[in-house]
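A closer look at the structure
As a plain string of letters, each chain reads:
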Amino acid sequence: MSHQNKKHDWTLVAHDGHDERHYGAVTMPIYQNSLFTFPSHDAFEAATDRFFDHYVYTRGNNPTVRHLEERLAALEGGEAARCFGSGMAAITAAIMSAVKSGDHVVCVDQVYGVTKRFLEQYLSGFGVESTFVDGTSLAALEEAIRPNTKLLYMESPTSMRFELQDLREWVAIAKRIGAKTIIDNTWATPCYQKPLLLGVDLSVHSISKYIGGHSDIVGGVVIGSKNELKAINGNEFTLFGGIMSPQNASLVLRGLRTLPLRMQQLQEHGLEVARFLQRQTFVAAVHHPGLDAHPQHELGKTQMSGGGSLFSIELKLPVEQVRVWADKLDYFRIGVSWGGYESLIIATRQSDEQKRNGTVLVRMYVGLEDPVELIGDMRRSFAAAGVETMV
Ligand SMILES: *Cc1c(COP(=O)(O)O)cnc(C)c1O
């Protein structure tokens, strides 16, 4: 929509630099080795003295993983990146790099549940307090700030309600108070949101979702400046050792080739299905930032150039009926995670607020199947559950 040349991303993933070590191979080989050897002790010492500039040991640098890190950094508009064994390994490393005992974190309240648990229940035990705020309210953010606030943690859009934070405003406030900013950018992907270009310090992704894109790996990445990543290398990366394996990096490299292509198609399918649901009288809300009806649709256009196909809906139906509907779907499988080729649905417990409102919140992930068939699948199962749909 605004500031980005999308085709540039297409070239970045399609074109790889190659060197003569790989005989002109068009894909990066898998360096399936734990250690690297040296012709002399002089060379060995020169390498170990500057461990992260050389290939010494795979819990450090591995050429296959390094190649992926360079590609992800370029795509996101960052100087450097580090891959991890999961999104949570990347997220916890990034957070730990920004705080110490006695510090305070302000985090968006609709953040990914496991991240919230890490801040609220785990880090609190090490003397780091967190306050969770409504991410749509800058007043709430200002109010939560304390003299010892050292980190503002964002996730835009958020995991279940797809609310946005105003990234430029959060960055401006962080700079004013001398705090760092981290964003979980998993939903928009490096193709559709480049937070580092808006001044965010670190961007983190669960690679297990869109970047991997084939439901066959779990991984994570932290992207930022050379200095930030150097500090993470020396501490959280080395000390916790949560690396991505070369085999997994190779699968991610393969998936990355089609990331812009997949995102373009997924975005289209997601919006088509979301718009069908929006037309139904028994759907109280569709939470998708790409829809005009989303309260922050205009803000989204100023900081994202597109979006994903994961969204949620609120159904004004009894929870039992929603379950019958969801269980009868053929194409939408019941399961966690998202970002692959297959459509998914989760329609579980109601919160107290939903019970009061008489609604059920359902998370939908629209995959690469034909959206007309996906909509047909929904109509069929709604009818089977006794719910009449409109065009
Ligand atoms: C899945 C997910 C994570 C966690 O990533 P893992 O790879 O499962 O550890 C973090 N943030 C968001 C938004 C996610 O969807």
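Structural data are supplied above this passage.
The sections below set out a description of the structure shown in this document. Keep in mind the model is a prediction, meaning the values are calculated, not measured.

**Some words on the sheet that holds strand S5 (residues 180-184)**
Taken in spatial order, the 7 strands make up an open sheet running S1-S7-S6-S5-S4-S2-S3, and their pairing is mixed. This sheet does not close on itself; its edge strands, each paired only once, are strand S1 (80-84) and strand S3 (129-133). Sheet twist, expressed as the mean angle between neighbouring strand axes with direction ignored, is 20°. For strand S2 (residues 104-108) and strand S4 (residues 149-155), the ladder comprises 4 bridges, and the chain directions are parallel. Directly across from Val 106, in S4, lies its bridge partner Leu 152. With respect to the sheet, helix H4 (residues 87-98) is in contact with S1, S4, S5, strand S6 (202-206) and strand S7 (220-224), its orientation differing from that of S6 by roughly 160°. In the packing of helix H5 (residues 113-122) onto the sheet, the strands contacted are S2, S3 and S4, and the crossing angle to S3 comes to about 135°.

**With respect to the packing of helix H3 (residues 63-76) against helix H10 (residues 246-256)**
Two packed helices can be described by the angle between their axes and the distance between those axes. Where H3 meets H10, the closest approach of the two axes is 8 Å, and the angle between their N-to-C directions is 35°. H10 is crossed by H3, and the crossing has left-handed handedness. Of H10, the residues touching H3 (which contributes Thr 64, Val 65, His 67, Leu 68, Arg 71, Leu 72 and Leu 75) are Pro 246, Ala 249, Ser 250, Val 252, Leu 253 and Leu 256. Broken down by class, the residue content of the contact of H3 with H10 amounts to 9 nonpolar, 3 polar and 1 charged.

What counts and how
- Residues numbered from 1 in each chain as written.
- Predicted model: local features only at pLDDT ≥ 70, side-chain atom pairs only at ≥ 80, totals over all residues.
- Heavy atoms only, no water.
- Pairing = 2+ DSSP bridges.
- Helix = DSSP H or I, 4+ residues; strand = E, 2+ residues; numbered from the N terminus.
- Axes fitted to C-alpha atoms, helices over the stretch in contact; angles between N-to-C directions.
- Contact = heavy atoms within 4.5 Å.
- Left-handed = near helix turned anticlockwise from the far one by under 90°.
- Nonpolar A, V, L, I, M, F, W, Y, C, P; charged D, E, K, R; others polar.

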